[in-house]
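Spelled out from the first residue to the last, the chains are:
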Amino acid sequence: MLTAYDYPTALILNQAEIDIILVGDTLGMVVLGYETTRDVTVTDMIHHTSAVKRGNETCLIVSDLPYQSDKTSELAVGNAKQLVSAGADAVKIEGNKTGIIRAIISEGIPVMGHVGLLPQTTDRFRVRGRKEREANQILEDAVSLELAGCFAVVLECIPNSVAKKITESLSIPAIGIGAGSSCDGQVLVTHDLIGLFDRFKPSFAKQFVNVKKEILRAVECYKFEVQQGTFPDADHSYE
Ligand code: KIV
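Worth saying up front: this structure is predicted, and the values here are computed from it rather than measured. (Residues numbered from 1 in each chain as written. Predicted model: local features only at pLDDT ≥ 70, side-chain atom pairs only at ≥ 80, totals over all residues. Heavy atoms only, no water.)

## Focus on the site of the ligand
Thinking step 1. What surrounds the ligand is the set Thr 3, Leu 22, Gly 24, Asp 25, Thr 26, Asp 64, Lys 92, His 114, Ile 177 and Val 189.
Thinking step 2. Taking Thr 26, its side chain carries an N or O atom lying 2.5 Å from an oxygen atom of the ligand.
Thinking step 3. Interatomic distance of 3.0 Å between a side-chain N/O atom of Asp 64 and an oxygen atom of the ligand.
Thinking step 4. Cavity membership is defined here by more than half of the atoms lying within 2 Å of grid points; on that basis the ligand lies in the largest pocket.
Thinking step 5. Partitioning the shell around the ligand into residue classes produces 3 nonpolar, 4 polar and 3 charged. (Near = heavy atom within 4 Å. Polar contact = N/O pair within 3.5 Å; in protein donor to acceptor, adjacent residues only side chain to side chain. 1 Å grid on protein atoms, 1.4 Å probe; cavity = no way out; pocket = protein on both sides within 12 Å on 5 of 7 lines; lining within 4 Å. Sits in = over half its atoms within 2 Å of the grid points. Nonpolar A, V, L, I, M, F, W, Y, C, P; charged D, E, K, R; others polar.)

## Remarks on the layout of surface pockets
Thinking step 1. In this structure, the largest pocket spans a volume of roughly 490 Å³.
Thinking step 2. Thr 26, Glu 156, Ile 177, Pro 202 and Phe 204 are the residues nearest the centre of the largest pocket, which is lined by 30 residues in total.
Thinking step 3. Breaking the lining of the largest pocket down by element, the ones donating at least two residues are α2 (27–30) and β6 (152–156).
Thinking step 4. Taken together, the residues that form the lining of the largest pocket break down as 17 nonpolar, 6 polar and 7 charged. (Points joined across faces, edges and corners; volume = space filled by probe spheres on them. Helix = DSSP H or I, 4+ residues; strand = E, 2+ residues; numbered from the N terminus.)

## Some thoughts on the domain arrangement of the chain
Thinking step 1. Each assigned domain of the chain is listed here: domain 1 (2–208) and domain 2 (211–239).
Thinking step 2. The straight-line distance from the C-alpha centre of domain 1 to that of domain 2 is 39 Å. (Domains from an automatic or database assignment.)

## Observations regarding a nonpolar patch on the surface
Thinking step 1. Side chains of Val 31, Leu 32 and Tyr 34 sit close together on the surface and give an oily, nonpolar patch of about 210 Å² of accessible area.
Thinking step 2. Counting through the fold element by element, Leu 32 comes out in the loop between α2 and α3 (42–54). (Patch = residues over 30% accessible without salt bridge, like charges linked within 9 Å, V, L, I, M, F, W, Y side chains within 5 Å. Areas by Shrake-Rupley, 256 points an atom, 1.4 Å probe, with all protein chains shown as cover. Salt bridge = Lys/Arg side-chain N within 4 Å of Asp/Glu carboxyl O.)

## Some details on empty space enclosed by the protein
Thinking step 1. Counting across every chain of the model gives 1 cavity of 30 Å³ or more.
Thinking step 2. Estimated volume of the largest cavity: approximately 40 Å³.
Thinking step 3. In terms of lining, the largest cavity is formed by His 191, Asp 192, Gly 195, Phe 197, Lys 201, Pro 202, Ala 205, Lys 206 and Gln 207.
Thinking step 4. Its residues assigned to classes, the lining of the largest cavity shows 3 nonpolar, 3 polar and 3 charged.

Right under this line is the structure:
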């Protein structure tokens, strides 16, 4: 699973045959320039889910229900329906909100759970579940999400051993981010993977390429050629 928030990225993830596109509320930080994911609105999520949908053929699209859009079951169901109308096949909810999750599933909308580090409500980005009590709580949360009917669960920022135990305890897929290699699947924020956003870099995120450097180089070359008068040349203008 990888994130996408726009049409061209959705096209690329389809071409690479990625299983799931997550229209994550990390949108707020890596695209919209907010400090946290908490400023993202349902309107933002609808806008970006529709863009992803236009570029999608084969991936399952999961869209995040943003901060406080799942405050009550009624609100969550209404918002989940709007995301589905925009193109989502399923929604993702942070935390152990089983009542709300059951309400959404009863409307025929599949739900992906999310435990461990919960960016919408955390005050500190740190590994969760190092202490036994916290690890047991995360395991309990994951199991209750499965019982509530989630079709998969994201495990964020937890030690490998804890992620392994949770993965083995669940019959639904556990998708890890900063949770080691024992999970059934992996997810990353695409902007981290391609090096497009460097203001906040989680240590678990591997940068496979530095796209920001390439874009900067292209922009500087363009500026130089315009200033020199070498662009546009005969090949890039009309007689
Ligand atoms: O919003 C998001 O991109 C996420 C991932 C970090 C799993 O929830």
